[in-house]
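One letter stands for each residue in the lines below.
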Amino acid sequence: MTIDKSLRTRKGIVRARNVLTRAERIEKLSEQDRWTEEYGPLGLPKVRVYRVVVKKKKKKKGEEEGADAAAATKTPAAKAPAKKK
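Residues numbered from 1 in each chain as written. Predicted model: local features only at pLDDT ≥ 70, side-chain atom pairs only at ≥ 80, totals over all residues. Heavy atoms only, no water.

**A closer look at the overall build of the protein chain**
Phase 1 of the analysis: Check the secondary structure of the protein chain and you find two helices and zero strands.
Phase 2 of the analysis: When each of the 85 residues of the protein chain is scored for burial, the buried share is 7%. (Helix = DSSP H or I, 4+ residues; strand = E, 2+ residues; numbered from the N terminus. Buried < 20%, exposed > 50% of the residue type's maximum accessible area, 1.4 Å probe, protein only.)

Spelled out as C-alpha cells, the structure:
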C-alpha cells in the first residue's frame, strides 16, 4: 500500500528501521561472507539490525557552576522598580 503524496514527509524515516530490503540484506550478508551469487536472492537468512545509541556527555561540576554564573549575568539585574499604588 502506498502513502498519499500529501501525507509523505520530505526527509523520510528519521528513526531506525528494523526491516531491511532484499538488496540491503544481500549487501550485509556479502560483507559477512555469508552470501554469494550462487545462492540466489530468495530465501535469505535473517540479518540483525544494530541500532546506534548516542549517549549525552555529563557536565563536570565546574562547567555547571560556570553555566549558572553566565546565565545570571545575562539576565538584566537592574529592572525598573515596581510602581506602588
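**Overview of the environment of Arg17**
Phase 1 of the analysis: Residue position: Arg17 is located in the segment before α1 (22-31).
Phase 2 of the analysis: Classification of Arg17 as partly exposed rests on a relative accessible area of 37%.
Phase 3 of the analysis: Separated by 33 residues in sequence, Arg17 and Tyr50 have C-alpha atoms that sit 9.7 Å apart.
Phase 4 of the analysis: Excluding residues within four positions of it along the chain, Arg17 makes contact with Glu24 and Val49. (Contact = heavy atoms within 4.5 Å.)

**Some thoughts on the nonpolar core**
Phase 1 of the analysis: By size, the foremost hydrophobic cluster in this structure holds five residues: Ile26, Leu29, Trp35, Leu44 and Val47.
Phase 2 of the analysis: Ignoring any residue separated from it by four or fewer positions in sequence, one finds Ile26 in contact with Trp35, Pro41 and Leu44. (Core = buried A, V, L, I, M, F, W, Y, C linked by side-chain atoms within 4.5 Å.)

**A closer look at the environment of Leu29**
Phase 1 of the analysis: Mapped onto the elements, Leu29 comes out in helix α1.
Phase 2 of the analysis: Residue classification places Leu29 among the buried residues on the basis of a relative accessible area of 0%.
Phase 3 of the analysis: Taking the C-alpha atoms as reference points, Leu29 and Pro45, 16 residues apart in sequence, are found 8.5 Å from one another.
Phase 4 of the analysis: Setting aside residues up to four positions removed in sequence, Leu29 forms contacts with Arg34, Trp35, Leu44, Pro45 and Val47.

**Thoughts on unusual backbone geometry**
Phase 1 of the analysis: Residue Asp33 is not a glycine yet carries a positive backbone phi of 60 degrees.
Phase 2 of the analysis: Checked against the element boundaries, Asp33 lands in the loop between α1 and α2 (61-74).
Phase 3 of the analysis: Owing to a relative accessible area of 71%, Asp33 belongs among the exposed residues under this scheme.

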